[in-house]
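One-letter residues, chain by chain:
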Amino acid sequence: MMSSYRFRLIFPLSLIVLLVLASLGAILGPFFKEFYLERMSDRIEKESAAVVYHLQDINLNDEEFLQNTIVELADRLDVRITIIAGNGEVLAESTTDPKELDNHINRSEIQSVIHGENENGRETRYSATVGKELLYFAIPLENEEGDGGFLRLGLEMEELNSIYQNIWTLLFVSFFIAFLIILILASKLTNQMVKPIEDARRVATELAKGNFNARTFEGANLETGELNRSINVLAENLEQITQTYENQQERLETLIENMGSGLILINTKGDITLVNRKCNDIFEEDTEEWKNKLYYKVIKHKKIIKFIQELFLTEKPTRKQLKLDVGIHFRHFDVHGAPIIGYDEKLKGIVIVFLNITELKKLEQARKDFVANVSHELKTPVTSLKGFTETLLDGAMDDEKLRKQFLTIIANESERLEGLIYDLLELSKIEGAHFQLDWQNISLDSIVDEVFFMLNDKAKVKNMKLSKKVVGSTNIVGDPHRIKQIIINLINNAIAYTPEDGSITVRIKEQNEAVLFEVEDTGIGMSKKEIPRVFERFYRVDRARSRNSGGTGLGLAIVKHLAEAHHAKLSVDSIVGKGTTFRLMFYKQQREAGNDKEG
Ligand SMILES: Nc1ncnc2c1ncn2[C@@H]1O[C@H](COP(=O)(O)OP(=O)(O)OP(=O)(O)O)[C@@H](O)[C@H]1O
Ligand SMILES: [Mg+2]
């Protein structure tokens, strides 16, 4: 395409040059020819004069001498010489024997001398004698006798023709060289002119294709340089604009794909134009398939379809909480819908955002449960306190025996109430945002000894044996007060949920980076299903039995929180009727929070 551009420039130019050269040749050729002919005539005229001068002293009648002289002269001048008598008889001839020649009076060059005004004749004609074309030149000869004769010189035209040919060759060759030079110069010039334009065109094509990195060479040429500079500025601007656009697009895409909520766009025809990745999780199906399909054909939840229909009808932003059953679960969603209105105030579609609030709902439920549980747990001791106090006031306080019995019950119930309130306070403190451990180097072994000392009496009542097995160092970092709290809770449970004559074993084993702590009992145990639940607040495996043991179900919840605060791993092994083992892995060194997530 570009070469054609160059061709279009060079082709007419070479045509013009050719035309000019051809017409120049047409003028110069004949001109040179004429010029040369003139020179030849001049020469022949002068040579004739020389011959005439030479013949002045010669007797024309001495034929042999004349013939010899003519031959010699002709040889020197390189012409044909003929001496013709006034009557036309040939007296001497340089090329042949004059006697063989016929009368020459009627030769036109002689005739023109006879009749001519210039006294000489000229003629180009084929000579049978020589067998070539000759240019004849004749002049009158005057001798002493006064009878006129003629001198005729003949010049071979062949020579002239070859000179003509030379002239033409010379002209042709020089014109050809000139043409070549002009062509080379012209193509160089056009190259110089065309290249920046070609460059600009190439870049423009690249830009049109979307390659905004393309740049042209600006060059020094004023006009084209200006053009190319402008194109480069244009390309740069385009690049920047697309870059910004791409960045924004990318940002938007990342935002849409990674937002915590599901997002669906529907156009006015009802086709789903966009579904983000989150929708996959929300609806537990391949929502990619939904794209470009009618919403009521692919969305299975009637509540959502109704919500969308309402949105199309009202064209007003709406918000609703929907409970959907997805798979086997119920899920709660906060659904926001809004119309998309274009600049022309026309509806372009709608956008719907699904926020999964199942966890929130669960938390809400947990809070409600917690309040109900707390009230329930508080109600029992308070009712009993109130009942016994009223009975005392109603007269029982006068009876010493009853009074003592009731007051003991009141004291026990208050203690239980106090314990419950203490546990609740502890729990809220541990769960609180500002809870901090007092990290120290401690020995698990000595803490266990302290706890054994504290709980020895309690174990003795049930005729239980408390034993301890230690392997290696038991030194860890931790909050001594909280670790003691953990151990008290675990051993207390072991005592509480083990029948009389059972045994409780505490094992402490040093490992590479950690110290393993175990409390094993030979108690009632619990089923696999119960294990994760016993760490919930107020959870008791068998409420009636546990109530008898005096528990409220907060102990293990506290243990779990404290273990987490220490980054310790907590696990339970239990067989119903055989016994239970609570296991804790304490790290010897303090760990960065977040390093223990795998448990
Ligand atoms: N060693 C154990 N053997 C068998 N069951 C246990 C054991 N430890 C705990 N449990 C079960 O787990 C439940 C929750 O224990 P948790 O310590 O949290 O509460 P609790 O002992 O009932 O009351 P408290 O708040 O006074 O400790 C208990 O009610 C009991 O059913
Ligand atoms: Mg307990």
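Use the structure listed above.
(A) Seen up close, helix H10 (residues 400-431). Helix length check: H10, at 32 residues, gives a terminal C-alpha distance of 46 Å against a target of 46 Å (1.5 Å per residue), a fit within 8%. Buried within H10 we find Phe406, Ile410, Glu413, Leu417, Leu420, Leu424, Glu426, Leu427 and Ile430. Along its buried surface, H10 packs onto helix H9 (358-393), helix H12 (480-496) and helix H14 (555-565). N-cap assignment for H10: the residue whose side-chain oxygen lies 3.0 Å from the backbone N of Lys401 is Asp399.

(B) Molecular detail of the packing of H12 against H14. Contact geometry of H12 with H14 gives a least axis separation of 9 Å together with a crossing angle of 145°. Classified by chirality, the crossing of H14 by H12 is left-handed. Of the residues in H14, those touching H12 at Arg482, Gln485, Ile486, Asn489, Leu490 and Asn493 are Gly555, Leu556, Ile558, Val559, Leu562 and Ala563. In terms of residue class, the contact of H12 with H14 is made up of seven nonpolar, four polar and one charged.

(C) Looking closely at the environment of Glu236. With respect to the secondary-structure elements, Glu236 resides in helix H5 (residues 222-258). With 21 residues separating them in the primary sequence, Glu236 and Arg215 have C-alpha atoms 8.5 Å apart.

(D) Region of the structure containing the packing of H10 against H14. It is the contact of H10 with H14, at a shortest axis distance of 10 Å, that shows an interaxial angle of 25°. In this view, H10 runs roughly parallel relative to H14, as classed from their interaxial angle. Viewed along their axes, H10 and H14 form a crossing whose handedness is left-handed. Contacts from Asp423, Glu426, Leu427, Ile430 and Glu431 of H10 reach H14 at Ala557, Ile558, His561 and Leu562. Here the residues of the contact of H10 with H14 sort into five nonpolar, one polar and three charged.

(E) View of the side chain of Asp334. With respect to the helices, strands and loops of the structure, Asp334 is situated in strand S9 (residues 329-341). In terms of polar contacts, Asp334 uses its side chain to reach the side chain of Arg319, at 2.7 Å.

(F) View of the pairing of strand S5 (residues 149-156). In terms of burial, S5 is a largely internal element, seven of the eight residues being buried. The pairing of strand S1 (residues 80-84) with S5 spans five bridges and is classified as antiparallel. Counted as the bridge partner of Arg80 is Gly154 from S5. As paired elements, strand S4 (residues 132-141) and S5 share eight bridges and run antiparallel to each other. Residue pairing in the sheet places Leu141 in a bridge with Gly149 of S5.

(G) Examining the sheet that holds S1 more closely. Read across the sheet, five strands follow the order S2-S1-S5-S4-S3 without closing on themselves; strand pairing throughout is antiparallel. Each edge of the open sheet is held by one strand with a lone partner, namely strand S2 (90-93) and strand S3 (121-127). The mean inter-strand angle of the sheet, taken between neighbouring strand axes irrespective of direction, is 25°. As paired strands, S3 and S4 are joined by seven bridges and run antiparallel to one another. Pairing of Thr124 across the sheet is with Leu135, part of S4. Sitting on the sheet, helix H3 (residues 108-115) is in contact with S1, S3, S4 and S5, with an inclination near 165° to S3.

(H) How the structure looks around the sheet that holds strand S15 (residues 514-521). A sheet is described by the order of its strands in space; here five strands give the open sequence S12-S14-S15-S17-S16, paired in mixed fashion. Unpaired on one side and paired on the other, strand S12 (465-471) and strand S16 (569-575) mark the two borders of the sheet. Between one strand and the next, the sheet's axes are offset by a mean angle of 15°, whatever the strand orientation. Alignment of S12 against strand S14 (residues 503-510), held across seven bridges, turns out to be parallel.

(I) Seen up close, the site of ligand 1. Not every one of the 20 residues close to ligand 1 is listed here, only the nearest: Asn493, Tyr497, Asp521, Gly555 and Leu556. Within the contact set of ligand 1, a nitrogen atom lies 2.9 Å away from a side-chain nitrogen or oxygen of Asp521. Interatomic distance of 2.9 Å between a backbone N/O atom of Leu554 and an oxygen atom of ligand 1. In the complex, 93% of the free accessible area of ligand 1, which totals 600 Å², lies under the protein chains. Listing elements by their share of the shell around ligand 1, those giving two or more residues are H12, H14 and strand S17 (579-587). The class makeup of the residues in the shell around ligand 1 is nine nonpolar, eight polar and three charged.

Parameters and conventions
Residues numbered from 1 in each chain as written. Chains lettered and ligands numbered in written order. Predicted model: local features only at pLDDT ≥ 70, side-chain atom pairs only at ≥ 80, totals over all residues. Heavy atoms only, no water. Helix = DSSP H or I, 4+ residues; strand = E, 2+ residues; numbered from the N terminus. Expected span 1.5 Å × (residues − 1). Buried < 20%, exposed > 50% of the residue type's maximum accessible area, 1.4 Å probe, protein only. Contact = heavy atoms within 4.5 Å. Polar contact = N/O pair within 3.5 Å; in protein donor to acceptor, adjacent residues only side chain to side chain. Axes fitted to C-alpha atoms, helices over the stretch in contact; angles between N-to-C directions. Left-handed = near helix turned anticlockwise from the far one by under 90°. Nonpolar A, V, L, I, M, F, W, Y, C, P; charged D, E, K, R; others polar. Parallel < 35°, antiparallel > 145°, perpendicular 65-115°, else oblique. Pairing = 2+ DSSP bridges. Near = heavy atom within 4 Å. Areas by Shrake-Rupley, 256 points an atom, 1.4 Å probe, with all protein chains shown as cover.

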